[in-house]
Structures are given as structure tokens and as C-alpha cells.
2 protein chains.
Amino acid sequence: MANDTNVTWHDHRVSREERERLHGHRGCVIWFTGLSGSGKSTIANVVDHMLAARGVKSAVLDGDNVRHGLNAGPGMLRESHGEAYAERFGLGFSAIDREENIRRIGAVAQLFCESGTIALTAFISPYRLDRDRVRAMMREGDFIEVFVDTPLEICEQRDPKGLYKKARAGEIKHFTGIDDPYEAPETPELVVCAGERTPEELATEVIDYLMKREILSAAG
Amino acid sequence: MANDTNVTWHDHRVSREERERLHGHRGCVIWFTGLSGSGKSTIANVVDHMLAARGVKSAVLDGDNVRHGLNAGPGMLRESHGEAYAERFGLGFSAIDREENIRRIGAVAQLFCESGTIALTAFISPYRLDRDRVRAMMREGDFIEVFVDTPLEICEQRDPKGLYKKARAGEIKHFTGIDDPYEAPETPELVVCAGERTPEELATEVIDYLMKREILSAAG
């Protein structure tokens with residue numbers, strides 16, 4: 001190994017553009033935001049299916065795969081790493097902890113995007129500042145904010161996890177839409193209204209947008 | 001949208017197996033560990049090139065793309081998020097902070113792996129316990145530990161970033177191999193000796209291992 005291998009290390013990298021050329025599509029982050037029960041995860045997963053069927057590289061980040069690992073809470077970390085560690089690094093639900101939750105998800109989505117993957121994230125992400133900070137991390141055009149604009153009444157009627165019921169009963173505090181605000185995006189790339197349409201119809205709107213933006217090619 | 005779309009949400013997921021079938025290869029984590037200057041990043045990037053040339057989906061995680069985003073230090077976070085935030089969440093170089101650094105990288109590598117990608121990580125990761133905890137997060141067989149066993153004298157002679165010089169001069173404290181231990185893996189999946197061979201030869205050993213393990217197919 002030559003002495004300068006580490007010095008010229010950057011030359012060895014596969015560039016994002018090269019990876020995108022090999023994949024036949026661009027990387028990006030599709031950031032779904034909306035109330036609990038609005039259909040974010042459902043739509044993200046239908047889009048993911050449609051992308052997989054086209055041979056497009058994609059990945060979904062959501063509470064299920066992030067809260068159990070990367071953004072584990074104090075409870076999980078206490079078991080694996082002990083009390084002091086859990087205290088220092090466990091993410092709770094305070095304002096600042098929620099912000100860090102979103103910041104890390106944004107950073108991971110960016111890593112996927114830079115590897116030429118379409119990252120789909122499905123988190124309530126209620127605060128405009130947090131979402132805008134994630135947007136600001138990315139290269140221009142990489143962050144595609146999709147507002148899943150399902151009315152609160154419909155979300156609450158669905159209440160798939162029974163969370164609204166608990167929030168109304170005061171058993172959960174700071175629940176978005178009930179006693180904590182949801183700040184709708186002012187200029188999202190896309191708004192989908194999940195109240196009256198099927199997840200497949202809404203996912204198709206997302207795919208159409210990706211084609212219009214030439215993130216996907218007509219052939220891909 | 002039917003009322004039960006969120007309830008049946010899990011059925012909508014693209015399974016890891018389905019994704020791997022579509023990609024034509026399996027996902028895994030190739031965890032390079034070794035001294036600073038041992039050649040981890042160089043080898044990881046050559047493997048990455050070889051994988052890309054085969055149409056295999058891969059991504060490299062290293063200090064460059066992780067310390068500036070996901071695992072940002074207090075300095076970066078102070079600028080973007082203010083003092084209290086930086087204090088709470090910035091990662092430094094204390095033992096516990098280094099452990100959290102490795103834990104998060106492991107969690108992200110796992111997300112890549114679960115999306116059917118071959119994640120290549122290049123971090124000194126000097127402590128056995130930290131690496132074993134990452135291994136324990138993963139499914140059996142997903143974690144491939146590659147010990148880049150370059151002798152300290154060679155690493156120090158190369159000193160691509162001038163860090164050994166600073167460590168010997170006492171300008172950097174707790175530098176692995178100088179005044180902080182490196183705990184070599186006891187039963188790594190692979191050992192590569194970077195002292196006398198080219199990065200291409202070493203990367204080929206890694207590719208051969210992936211074929212032997214049928215993570216890559218002979219055709220792929």
C-alpha cells in the first residue's frame with residue numbers, strides 16, 4: 001500500500017452522481033408530515049412498493065425502525081447501557097428531545113439520499129422550524145416536503161392506535177392536534193388530501209411528482 | 001381511504017427479503033476496525049467501487065459524513081441550534097460519547113442493511129464491548145467485522161493526517177495506539193493485513209468473503 005493512500009482517499013469515493021447513474025434514478029428525501037393517523041406511513045409504504053416494483057432503491061424511516069435503535073428512549077438504553085448512559089443519551093418527548101429526534105432522522109435521510117436512495121420519512125414532525133432545519137441540511141432540491149393534509153376530525157375518527165382517545169382523556173399530554181400545535185408547511189413541495197382518496201391514488205401523485213422533477217425517469 | 005389503513009400498515013411494507021430479491025444480493029454491515037492510518041477508509045472505498053461496478057447497492061459511513069451531521073459535536077450544534085442544545089446533544093470524545101458515537105453508527109448501518117444495502121463502516125472503534133454491542137443489535141450473520149491489522153509502526157509512519165505526530169507531542173490526548181488502547185477483535189469474520197498489500201488486493205479478499213457467504217451471488 002502506497003504511503004499516500006489515505007491522503008488521496010477522497011479520490012477513491014464513488015460519487016453520488018456515479019451512483020445515481022448506476023441506479024438509473026436520483027436520490028432524494030420525501031418527508032411526509034401530518035397529524036397522527038393522517039396516513040403518512042401508509043402512503044410512504046405504498047410509494048415504497050411502487051418504487052421497488054420499478055427497481056428504484058428506496059427505504060422507509062418511521063417510528064418503528066428509528067425509535068427502537070437510533071433514537072432509543074431512556075428505557076431501552078437503561079437495559080442495554082445502564083442508568084448514566086440512558087440519562088445522558090436517551091431521547092424523551094420534551095421539545096428539545098423531539099427536535100433532536102427530527103434532526104437525527106434528517107441526518108440519516110441525508111445519508112440515504114447521498115447514497116443515491118430515495119428516503120421516505122413518516123413522522124408527525126409538527127414544528128416548521130425543525131423541518132426547515134432539516135431542509136437546510138440538504139442540497140437544494142433534495143428535500144421534498146409532502147404535507148398529508150387529513151383533517152383532524154378524520155384522524156381522530158380513525159384513531160388507529162387509540163392515541164386520540166387517550167389524549168382527550170388527558171392520559172397523554174402534549175399530543176399534536178389536541179394540546180400541542182401542528183404547524184402546517186407553508187410552501188410544501190406537495191400536498192395530498194388523504195380524507196377522500198385511496199393510499200394508491202395519493203402514492204401515484206407522489207410518483208408523478210418524482211417523474212415531473214426527473215428524479216425518476218419515464219423509463220425507470 | 002379505508003378506516004383500517006393504519007391498522008393494516010405492516011402489511012404494506014416491502015420486506016427485506018423482497019428488497020434483497022429485487023436487488024439481486026443481500027444486505028449486511030461490513031464493519032472495518034483498526035488503528036488510525038491503517039487503511040480502513042481506503043479499503044472500504046475500494047470495496048464500495050467494486051460493489052458499485054457489479055450493480056450492488058452499497059454505502060460508506062465514515063467520519064466525514066457522520067461527524068458533520070448525525071453525530072455532530074457541540075461546536076457545530078452551537079451554531080445551528082444554540083448553546084443549551086449543543087450542551088445537551090453534542091457528541092465529544094469522552095468514553096461515553098465515543099460509545100454513543102459507535103452505537104448510532106451501528107443503528108444507521110442496521111437501517112441500511114435492513115433496506116437491502118451493503119453498509120461499509122470505517123471507524124477506529126477501538127473498544128471490543130462497543131463493537132460487540134453493535135453486533136448484538138443485528139440479526140445473526142449481518143455483522144461482518146473486518147480487522148484491518150496494520151502494525152502501529154506502519155500507521156505512524158504513514159500518519160496521513162499528522163495525528164500521530166500531534167499525539168506523540170502530547171497535543172492530542174487519548175489517541176488510540178499511543179495513550180489509549182486498541183482492543184483487537186478476538187474472532188473477527190475477516191482479518192486483512194494492510195502492511196504489504198495493495199488496497200485492491202485487500203478489497204478483493206472482502207469481495208471473495210461476501211461471495212463465499214452468498215451475500216453476493218457469483219452472477220451479481
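Residues numbered from 1 in each chain as written. Chains lettered and ligands numbered in written order. Predicted model: local features only at pLDDT ≥ 70, side-chain atom pairs only at ≥ 80, totals over all residues. Heavy atoms only, no water.

- Per an unreviewed UniProt entry, chain A goes by Adenylyl-sulfate kinase and derives from Halochromatium salexigens.
- The Function (unreviewed entry) comment attached to chain A in UniProt states, word for word, "Catalyzes the synthesis of activated sulfate."
- According to the UniProt record, the Sequence similarities (unreviewed entry) comment for chain A reads "Belongs to the APS kinase family." (UniProt positions renumbered as here; feature names shortened; annotations may be inferred.)

## A look at the overall build of chain A
Point 1. For chain A, the count of helices and strands is 10 helices and 5 strands.
Point 2. Taken along its principal axes, the extent of the C-alpha atoms in chain A is 65 × 50 × 30 Å.
Point 3. Here chain A holds 220 residues, and the buried ones make up 55% of them.
Point 4. Within chain A, contacts between residues separated by at least 24 positions form 74% of all contacts whose residues are at least 6 apart in sequence.
Point 5. Here chain A has roughly 9,200 Å² of accessible surface; of this, 52% comes from carbon and sulfur atoms. (Helix = DSSP H or I, 4+ residues; strand = E, 2+ residues; numbered from the N terminus. Buried < 20%, exposed > 50% of the residue type's maximum accessible area, 1.4 Å probe, protein only. Contact = heavy atoms within 4.5 Å. Areas by Shrake-Rupley, 256 points an atom, 1.4 Å probe, with all protein chains shown as cover.)

## Concerning the relation of the copies chain B and chain A
Point 1. Rotating chain B by 180° and moving it 0.0 Å along the rotation axis overlays it on chain A with an RMSD of 0.0 Å. On the angle and the small slide along the axis, the relation comes out as a two-fold axis. Minimal C-alpha separation from the rotation axis in chain B is found for Val108 of chain B, amounting to 3.5 Å.
Point 2. With an isologous cut-off of 70% or more, the 97% of interface residues of chain B that recur at the interface of chain A puts this contact in the isologous class. (Least-squares fit on C-alpha atoms with pLDDT ≥ 70 in both.)

## Structural notes on the interface of chain B and chain A
Point 1. At the junction of the two partners, chain B supplies 64 residues and chain A supplies 65 residues.
Point 2. Counting each side, the surface lost to burial between chain B and chain A is near 5,900 Å², with a carbon and sulfur contribution of 56%.
Point 3. At the boundary of chain B with chain A, the tally comes to 6 salt bridges.
Point 4. Taking the shortest distance from any N to any O, the salt bridge between Arg88 of chain B and Asp97 of chain A comes out at 3.3 Å.
Point 5. Take the side of chain B that touches chain A: its biggest share by element is 10 residues, from helix 6 (residues 95-114) of chain B.
Point 6. For the side of chain B that touches chain A, a count of residues per class yields 26 nonpolar, 21 polar and 17 charged. (Buried area = accessible area lost by both parts, 1.4 Å probe. Salt bridge = Lys/Arg side-chain N within 4 Å of Asp/Glu carboxyl O. Nonpolar A, V, L, I, M, F, W, Y, C, P; charged D, E, K, R; others polar.)

## Side note on the confidence of the model for chain A
Point 1. Across chain A, the average pLDDT comes to 91, with 94% of residues at 70 or higher.
Point 2. Every residue in residues 1-11 of chain A scores below 50 in pLDDT, and together they form 23 contacts with partners more than four places removed in sequence or on other chains. (pLDDT = per-residue confidence, 0-100.)

## Examining the UniProt feature "active site" (unreviewed entry) in chain A
Point 1. What UniProt calls "active site" (unreviewed entry) maps, in this numbering, to Ser125 of chain A.
Point 2. For Ser125 of chain A, the residues in contact, after removing those within four places along its chain, are Trp31, Phe32, Thr33, Ile102, Arg131 and Tyr182 of chain A.

## Focus: the sheet that holds strand 4 (residues 143-148) of chain A
Residue and element names in this part refer to chain A.
Point 1. The parallel open sheet is built from 5 strands, whose spatial order is 2-3-1-4-5. Edge positions in the sheet fall to strand 2 (58-62) and strand 5 (190-192), since each has one partner strand and no second. Within the sheet, the average angular offset between the axes of one strand and its neighbour, ignoring direction, is 20°.
Point 2. Strands in contact with helix 6 (residues 95-114) are strand 1 (28-33), strand 2 and strand 3 (118-122); relative to strand 1, the strand with the most contacts, it is inclined by about 145°. (Pairing = 2+ DSSP bridges. Axes fitted to C-alpha atoms, helices over the stretch in contact; angles between N-to-C directions.)

## Some details on the UniProt feature "domain: APS kinase" (unreviewed entry) in chain A
Point 1. UniProt feature "domain: APS kinase" (unreviewed entry): in the numbering of this structure it lies at residues 26-192 of chain A.
Point 2. Taken as a whole, residues 26-192 of chain A contains 46% helix and 15% strand, while its terminal C-alpha atoms sit 22 Å from one another.

## A few points about the state of the cysteines
Point 1. Tallied over the full model, the rule gives 0 disulfides over all chains.
Point 2. Between Cys193 of chain A, a cysteine without a disulfide, and Cys155 of chain A, which holds the nearest cysteine sulfur, the sulfur-to-sulfur distance is 12 Å.
Point 3. The thiol of Cys28 of chain B is not disulfide-bonded; the next cysteine sulfur, from Cys113 of chain B, is found 6.4 Å away.
Point 4. Classification of Cys28 of chain B as buried rests on a relative accessible area of 0%. (Disulfide = S-S within 2.5 Å.)

## Observations regarding the environment of Ile215 of chain A
Residue and element names in this part refer to chain A.
Point 1. Examined against the element boundaries, Ile215 turns out to sit in the segment after helix 10 (199-212).
Point 2. Sequence separation between Ile215 and Thr42 is 173 residues, and the spatial gap between their C-alpha atoms is 22 Å.
Point 3. In this structure Ile215 touches His25, Arg26, Cys28, Ile118, Ile144 and Leu210, once residues within four positions along its chain are discounted.

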